[in-house]
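# Fold and geometry: a report
Okay, here's what each chain looks like letter by letter:
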Amino acid sequence: MSQVFGGESPRPHTLTPHRRPARYLVVIDSGGTTVSRLFLETREPVAEFDAGTEETAQMTAGLVPTTGASGPEWDRALEGHSAAERSAADVYTLPV
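Since we're looking at a predicted model, the values are computed, not measured. Position labels on residues start from 1 in each chain and follow its written sequence. Only residues with pLDDT of at least 70 are given local features in this predicted model, and only at 80 or more are side-chain atom pairs given and counted; all residues enter the totals for whole chains, interfaces and linings. Side-chain numbers here rest on the full set of heavy atoms in the structure, without hydrogens or water.

## Section: the sheet that holds strand β4 (residues 66-67)
Here we have 5 strands laid out as an open sheet, ordered β3-β2-β1-β5-β4, and antiparallel in their pairing. The outermost strands of the open sheet, each flanked by one partner alone, are β3 (45-50) and β4. For two strands to pair, DSSP has to find at least two bridges joining them. Secondary structure elements are taken from DSSP: a helix is a run of H or I of four residues or more, a strand is a run of E of two residues or more, and numbering for both begins at the N terminus. Inspection of the sheet shows β4 paired to strand β5 (residues 90-93) by 2 bridges, in the antiparallel sense. Residue pairing across strands places Thr66 opposite Val91, the latter belonging to β5.

## Some remarks on the nonpolar core
Nonpolar cores are built from buried Ala, Val, Leu, Ile, Met, Phe, Trp, Tyr and Cys residues. Side-chain atoms within 4.5 Å join them into one set. Three labels apply to residues, based on accessible area from a 1.4 Å probe with only protein chains included: buried if under 20% of the type maximum, exposed if over 50%, partly exposed otherwise in between. Tyr24, Val26, Ile28, Val35, Phe39, Ala69, Trp74, Ala77, Leu78, Ala89 and Val91 form the largest nonpolar core, which has 11 residues in total. Breaking this core down by element, the ones donating at least two residues are β1 (24-30) and β2 (33-39). The greatest single-element share of this core, amounting to 3 residues, is contributed by β1. Ignoring any residue separated from it by four or fewer positions in sequence, one finds Tyr24 in contact with Arg37, Leu38, Phe39, Leu40, Glu41, Arg43, Trp74, Val91, Tyr92, Thr93 and Leu94. Counting 6 residues, the second-largest nonpolar core is a separate cluster that includes Leu25, Val27, Leu38 and Leu94. Between two residues, a contact is recorded if the distance between any of their heavy atoms is within 4.5 Å.

## Here's the deal with the pairing of β1
Here β1 lies mainly inside the structure; 5 of its 7 residues are buried. As paired elements, β1 and β2 share 7 bridges and run antiparallel to each other. Across the sheet, residue Val27 finds its bridge partner in β2, namely Ser36. Between the antiparallel neighbours β1 and β2 lie 2 residues, among them Gly31 with a positive phi of about 65°.

## Let's talk about the pattern of salt bridges
The term salt bridge refers to a pairing of a side-chain nitrogen on Lys or Arg with a carboxyl oxygen on Asp or Glu at a separation within 4 Å. A complete count under the given rule lists 4 salt bridges for this structure. A salt bridge links Glu44 to Arg20; the shortest N-O distance between them is 3.3 Å. Highlighted residues: Glu44 in the loop between β2 and β3 and Arg20 in the segment before β1, separated in sequence by 24 residues. Accessibility expressed as a relative area gives 52% for Arg20, which makes it exposed. One salt bridge connects Arg23 with Glu41, and the closest N-O pair in it is separated by 3.1 Å. Note that Arg23 is positioned in the segment before β1 and Glu41 in the loop between β2 and β3, a separation of 18 residues in sequence. The exposure class of Glu41 is partly exposed, given its relative accessible area of 47%.

What follows is the structure in structure tokens.
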């Protein structure tokens, strides 16, 4: 009988730092489709998904957005979007 039969024992837990939490949620038009984009405090992109999902509604519940992401702090993060898309975007600051 083989000595490798069965499940492998779990490996010891390694203490690695957790990922930083997303700080901004930007709901923006992207070529006719509205998407939600998550960013870190540094405006580094974390995720992008359809704005019609339940997750977007849950994350924005009770939050008031700022309209427009035209400031220089968003230039690099939203460089693929037009000026019109950026000015119409809703920017939510997520609680940490």
